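This is what each chain is made of:
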Amino acid sequence: MNIYIYTLGCRLNQAESESIAERFRNAGFTLSGWSDADLVIVNSCTVTAKAEQKARRMIRRFAERSEVIVTGCYAELGRDEVKALSERVTVFSLKEKASLLSLPEHISSAVHSGLSLHDAIVSFTCRNTDLFAFDASSFQYHSRAYLKVQDGCDNHCGYCRTTIARGPSVFLSSDEVVRRALEIEARGFHEIMLTGVNLTMYDHEGNGLGGLVEKLLAALGGGMRLRLSSMEPDHVDDRLLETLYDSRMQPHFHIPIQSASQYVLERASRRYSIEHVEYIIRRMRDAKDDPFIACDVIAGLPGEGEKEFMDTFRFLDENGFAAMHVFPYSPRPGTPLYGARDRAEERVRDERAEKLRKLSARHSAEYIARQMGKKLEILAEEGNEGTTGNYLKGRIILPHGRVPVRGMIYEGVVTSTDPFELSAVL
Ligand code: SF4
């Protein structure tokens, strides 16, 4: 039987989709293109209206040929709307998502005993409601392990629907995180990415994410690298920033800044000052040699006039981000800013987004060019491909045409930046 998985949204969704795919592959299913698939799983996102539109368009298309399971944040908030797209659609809420890990066995035995695929899916009982079920065993075929330590968010940023879909912040106990990390290490991984919806909101027994990272670094061996998926500025404190000086902390950071205008940040109920963001960036650059610092920015938020936009543009230009993820603002139903009238008209918003994308392309190119001749570590992935500590995708060139071992870390000198290549130092 053929299966296709279509993913929208964040890195957490991507990682969870990969794990689900592996479970299906293990159970004898074939991962195919969507046009050959008997079953399509859509892991959806609600962050923008565009992401939802795209999900609807694709679900309709998939349902013309296949059974479709829809999960993720949009499925959570728009259950009825999604269900109404086709009779072939079955919705799994966020709580039921982890059950998809055991769905392949159920389908195999139900179809074997004569049920149609549709009946097999609707007869499935979701028993696994653990938000943290995607553990080490579900990442066994990946080069790096993703360890989800937090879910949900207690902030109610004016534009964000994620917090409505995901609910309040919850997290794994630090002992459980360490136990899972040690299990991952024992399986032979060399890199763990800590993930969460709002990772820096992690706060077990008042120790924050900084306390958790300290505990992990103390427990893990010298060969294990740690990477943080994203750092919301409001909970980034000195304790967390101090941990970045450990060489196992990878020089790759992502900060959802959204705007560099204090007025716009306050209008969107973001709880930090732009001075705090500057401080975080300064500490990151102090802790690491030319780290890859990426950010999210939203063009056209309510309250963003020409002056506020230029403040943001200048800030992003002066701070030289290696990558910027630019989102044109779209009002989301149910959010505090939904009815705001002081937002830029769409044409202006899109022009601003375009300017930011061009700025991002320039800074990315400069960042990559600066890597020439540097000695970097790179984690081997598919074939000769890999990802460096500072999160650049590149080719690993080994002597005598040898192929790198997946999951291994190599040290190499950057010998070309276009295409990005490292010659391994052995
Ligand atoms: S911090 Fe704000 S933008 Fe991020 S998930 Fe929470 S509410 Fe949404």
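Note that the structure is predicted; figures quoted are calculated from it, not measured. (Residues numbered from 1 in each chain as written. Predicted model: local features only at pLDDT ≥ 70, side-chain atom pairs only at ≥ 80, totals over all residues. Heavy atoms only, no water.)

What follows covers the state of the cysteines. Evaluation of the coordinates by the stated rule reveals zero disulfides. As a non-bridged cysteine, Cys 73 has Cys 45 as the owner of its nearest cysteine sulfur, 6.5 Å distant. Accessibility expressed as a relative area gives 7% for Cys 73, which makes it buried. Here Cys 295 is not cross-linked by a disulfide; its sulfur's nearest cysteine counterpart is in Cys 157, at 16 Å. Take Cys 295: its relative accessible area is 0%, and that puts it in the buried class. (Disulfide = S-S within 2.5 Å. Buried < 20%, exposed > 50% of the residue type's maximum accessible area, 1.4 Å probe, protein only.)

Further remarks concern helix H9 (residues 208-219). Helix length check: H9, at twelve residues, gives a terminal C-alpha distance of 17 Å against a target of 16 Å (1.5 Å per residue), a fit within 8%. Against helix H8 (174-186), strand E9 (191-195), strand E10 (225-228) and helix H10 (238-243) lie the buried residues of H9. (Helix = DSSP H or I, 4+ residues; strand = E, 2+ residues; numbered from the N terminus. Expected span 1.5 Å × (residues − 1). Contact = heavy atoms within 4.5 Å.)

With parallel pairing, three strands are arranged side by side in an open sheet as E11-E12-E13. Lying at the two open borders of the sheet, with one neighbouring strand each, are strand E11 (252-258) and strand E13 (323-328). Put simply, the sheet's adjacent strands are angled 15° from each other on average, direction ignored. Judged from the six bridges that link them, strand E12 (residues 292-299) and E13 form a sheet pairing that is parallel. Considered in E13, the bridge of Cys 295 is made with Met 324. Each of E11 and E12 touches helix H12 (residues 274-287); the most contacted strand, E11, lies at about 170° to it. (Pairing = 2+ DSSP bridges. Axes fitted to C-alpha atoms, helices over the stretch in contact; angles between N-to-C directions.)

Once that is clear, we can look at the packing of aromatic side chains. If you walk through the whole model with that rule in mind, you get eight aromatic pairs. Here the aromatic rings of Phe 24 and Phe 29 are separated by 5.0 Å at their centres, their planes lie at 85°, and the arrangement is edge-to-face. The class for Phe 24 is buried, based on a relative accessible area of 0%. Among the residues examined, Phe 29 registers a relative accessible area of 8% and is labelled buried. The structure contains a cluster of three or more aromatic residues connected by ring pairs, namely Tyr 4, Tyr 6, Trp 34 and Phe 62. (Phe/Tyr/Trp six-rings, centres within 6.5 Å; stacked < 30°, edge-to-face > 60°.)

Next up on the list: the nonpolar core. Core analysis: the largest hydrophobic core is formed by 55 residues, its most contacted members being Leu 194, Val 213, Leu 216, Leu 228, Phe 315, Leu 316 and Phe 321. Considering every element that reaches this core, the biggest residue donor is H12, with six residues. In this structure Leu 194 touches Leu 147, Val 149, Leu 199, Val 213, Leu 216, Arg 227, Leu 228 and Ser 229, once residues within four positions along its chain are discounted. (Core = buried A, V, L, I, M, F, W, Y, C linked by side-chain atoms within 4.5 Å.)

Structurally, Arg 283 can be placed in helix H12. Its relative accessible area of 14% is what places Arg 283 among the buried residues. C-alpha separation for the pair Arg 283 and Leu 244, spaced 39 residues apart in sequence, amounts to 8.7 Å. A distance of 2.9 Å separates a polar atom in the side chain of Arg 283 from a polar atom in the side chain of Tyr 279. (Polar contact = N/O pair within 3.5 Å; in protein donor to acceptor, adjacent residues only side chain to side chain.)

Moving on, we get to the pattern of salt bridges. For the structure on display, the rule yields 38 salt bridges. Glu 232 is the partner of Arg 270 in a salt bridge, and the nearest nitrogen-oxygen pair spans 2.8 Å. A residue pair is termed long-range when its members are at least 10 positions apart, and Arg 270 in the loop between helix H11 (262-267) and H12 and Glu 232 in the loop between E10 and H10 qualify at 38 residues. Each member of the pair, Arg 270 together with Glu 232, is buried. Salt-bridge contacts for Arg 347 lead to Glu 351; the nearest nitrogen and oxygen are separated by 3.1 Å. (Salt bridge = Lys/Arg side-chain N within 4 Å of Asp/Glu carboxyl O.)

Per the domain assignment, the segments of the chain are domain 1 (2-122), domain 2 (136-369) and domain 3 (375-424). Each of domain 1 and domain 3 has a C-alpha centre, and these two points are 34 Å apart. (Domains from an automatic or database assignment.)

Moving on to the pairing of strand E1 (residues 2-7). Relative to strand E2 (residues 30-31), E1 runs parallel, the two sharing two bridges. Of the residues in E2, the one forming a bridge with Ile 3 is Leu 31. Crossover connection from E1 via helix H1 (residues 11-26) to parallel E2: handedness right-handed. Looking at chain direction, E1 and strand E3 (residues 39-44) are connected through five bridges and run parallel. Opposite Ile 3, over in E3, you have Leu 39 as the bridge partner. (Right-handed = clockwise from strand over helix to strand, strands pointing away.)

This part covers a positive patch on the surface. A cluster of basic residues, Lys 50, Lys 54, Arg 57 and Arg 61, forms a positive patch at the surface. One can find Lys 50 in helix H2 (residues 49-63). (Patch = residues over 30% accessible without salt bridge, like charges linked within 9 Å, V, L, I, M, F, W, Y side chains within 5 Å. Areas by Shrake-Rupley, 256 points an atom, 1.4 Å probe, with all protein chains shown as cover. Lys, Arg positive; Asp, Glu negative; His and termini not counted. Charge placed at Lys NZ, Arg CZ, Asp CG, Glu CD.)

Residue position: Asn 43 is located in strand E3. Of note is the side chain of Asn 43, whose polar atom sits 3.0 Å from the side chain of Ser 17. When neighbours within four sequence positions are excluded, Asn 43 is seen to be in contact with Tyr 6, Thr 7, Leu 8, Asn 13, Glu 16, Ser 17, Thr 71, Gly 72 and Lys 97.

Between helix H13 (residues 306-319) and helix H14 (residues 346-369), the shortest axis-to-axis distance is 11 Å and the interhelical angle comes to 10°. Classified by the interaxial angle, the pair formed by H13 and H14 is roughly parallel. Judged by residue contacts, Glu 306, Phe 309, Phe 313, Leu 316 and Asp 317 of H13 engage Arg 352, Lys 355, Leu 356, Leu 359, Arg 362 and His 363 from H14. By residue class, the composition of the contact of H13 with H14 is five nonpolar, one polar and five charged. (Parallel < 35°, antiparallel > 145°, perpendicular 65-115°, else oblique. Nonpolar A, V, L, I, M, F, W, Y, C, P; charged D, E, K, R; others polar.)

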